[in-house]
Amino acid sequence: MVANAVVPAVFVFGDSTADVGTNNYIKDTKAKANFPQNGIDFPGSVPTGRFSNGFNSADFLAQQMGFNSSPPPFFTLMKGKLGLHKHDVLRGVNFASGGSGLLDATGKGPFVLYLLGARKFGIISIPPIGCCPSHRIFNDTSAGGCLEGLNEYSRLFFLSIGTLLQQLSSELKDMKYSLGNTYDMVSFLLNNPLPISKEVRSACCGSGKFNGEDKCNPTAQLCPNRDEYLFWDLHHPTQAAAQLAVLTLYEGGPEFVAPINFKELVEAN
Ligand SMILES: *[C@@H]1O[C@H](CO)[C@@H](O)[C@H](O)[C@H]1NC(C)=O
């Protein structure tokens with residue numbers, strides 16, 4: 001499985017943007033993605049529980065570090081599915097789950113992980129959530145702008161997580177971190193014509209205004225040119241957008257990822 005991994009293991013925490021199938025195992029969640037048209041561009045065109053047409057950011061990050069894809073979802077390991085064994089845990093686990101939120105305790109997360117032995121933290125902040133198709137539909141100006149009030153929360157979160165990480169790293173010996181500013185990354189895409197940002201308002205898969213009124217499901221409308229869309233569905237980026245975001249996190253400059261980028265974080269000793 002592991003070709004040339006440059007880190008011993010990767011542990012992923014997050015929401016549906018990084019879920020690689022955790023929610024397939026959660027009975028009482030409405031956040032499910034293990035049906036078409038999700039996965040249409042995944043190897044074999046199979047839905048996997050990813051909220052994406054293909055790979056997601058957890059996969060692309062793991063690939064940058066020399067793995068084939070994201071480490072497996074926690075529940076797969078728990079249930080011994082797919083013939084996985086305990087040693088698979090050694091390459092990491094993906095705990096990300098669709099619908100999970102940010103608790104007040106989120107800040108304590110890095111500290112507990114540090115106590116458990118983690119030393120390198122790649123943190124990805126929150127994009128301008130008010131610009132998701134699901135929220136854009138509620139801006140009733142004809143231009144279909146973002147919901148600015150929600151974007152304000154994203155900016156505030158970025159500032160407070162930045163302060164928290166700075167403080168933790170000054171107090172915890174050998175802790176290193178890299179903070180990705182997805183707010184500015186997405187804003188850049190919204191304001192600059194790139195192949196991926198041909199369509200930044202409408203989702204590729206969904207229904208209603210901006211394809212943002214309902215989830216992607218087997219009967220939803222689907223765009224043909226998926227690599228030209230920022231959003232796959234009402235909340236989540238396309239595979240192409242996730243890939244560009246990860247490249248930027250990995251090799252980007254301080255305007256998008258600081259104090260060091262993910263590559264420097266991985267290579268630091
Ligand atoms: C709606 O979009 C416009 C244009 O981008 C913006 O000026 C306005 O503040 C937005 N309205 C809300 C409620 O966010």
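In the nomenclature of an unreviewed UniProt entry, the chain corresponds to GDSL esterase/lipase from the organism Coptis chinensis. Regarding the chain, the relevant UniProt record gives this comment under Sequence similarities (unreviewed entry): "Belongs to the 'GDSL' lipolytic enzyme family."

Here we take up unusual backbone geometry. Cis geometry is adopted by the peptide bond preceding Gln37, which originates at Pro36 and carries an omega value of 15 degrees. Take Gln37: it is sitting in the loop between strand S1 (10–12) and helix H1 (57–64). Residue Pro259 is bonded to the preceding Ala258 through a cis peptide linkage, with omega at 0 degrees. The topology assignment puts Pro259 in the loop between strand S9 (257–258) and helix H9 (262–267).

Here we come to the site of the ligand. Near the ligand you find Asn139, Thr141, Gly145, Cys146, Leu147 and Glu148, and these make up its full shell. A distance of 3.3 Å is found between an oxygen atom of the ligand and a backbone nitrogen or oxygen belonging to Cys146. Class assignment for the residues of the shell around the ligand results in two nonpolar, three polar and one charged.

Looking now at the state of the cysteines. Disulfides are covalent bonds that connect the sulfur atoms of two cysteines. This structure, assessed with the given rule, holds three disulfides. Paired through a disulfide, Cys131 and Cys146 show a sulfur-sulfur distance of 2.2 Å. Across the S-S bond of Cys131 and Cys146 the torsion is about 100 degrees, and the bridge reads as right-handed. Of the two residues, Cys131 sits in the loop between strand S3 (120–124) and helix H5 (133–136) while Cys146 sits in the loop between H5 and helix H6 (148–171), which places them 15 residues apart along the sequence. Classification of Cys131 as buried rests on a relative accessible area of 4%. Assessed through its relative accessible area of 12%, Cys146 is described here as buried.

Next up on the list: helix H7 (residues 182–191). Considered for burial, the residues of H7 that qualify are Thr182, Tyr183, Met185, Val186, Ser187 and Leu189. Buried positions along H7 lie against S3, H6, strand S4 (176–180), strand S5 (199–203), strand S8 (229–231) and helix H8 (239–251).

What follows deals with the sheet that holds S3. Taken in spatial order, the three strands of this open sheet run S3-S4-S9, and their pairing is mixed. Two strands lie at the open edges of the sheet, namely S3 and S9, each paired on one side alone. In the sheet, S3 pairs with S4 via five bridges, with the strands oriented parallel. In the strand pairing of S4, Lys120 is matched with Lys176. Of the strands in this sheet, S3 and S4 touch H6, which is tilted by about 170 degrees from S4.

About the criteria used
- Residues numbered from 1 in each chain as written.
- Predicted model: local features only at pLDDT ≥ 70, side-chain atom pairs only at ≥ 80, totals over all residues.
- Heavy atoms only, no water.
- UniProt positions renumbered as here; feature names shortened; annotations may be inferred.
- Helix = DSSP H or I, 4+ residues; strand = E, 2+ residues; numbered from the N terminus.
- Near = heavy atom within 4 Å.
- Polar contact = N/O pair within 3.5 Å; in protein donor to acceptor, adjacent residues only side chain to side chain.
- Nonpolar A, V, L, I, M, F, W, Y, C, P; charged D, E, K, R; others polar.
- Disulfide = S-S within 2.5 Å.
- Buried < 20%, exposed > 50% of the residue type's maximum accessible area, 1.4 Å probe, protein only.
- Contact = heavy atoms within 4.5 Å.
- Pairing = 2+ DSSP bridges.
- Axes fitted to C-alpha atoms, helices over the stretch in contact; angles between N-to-C directions.

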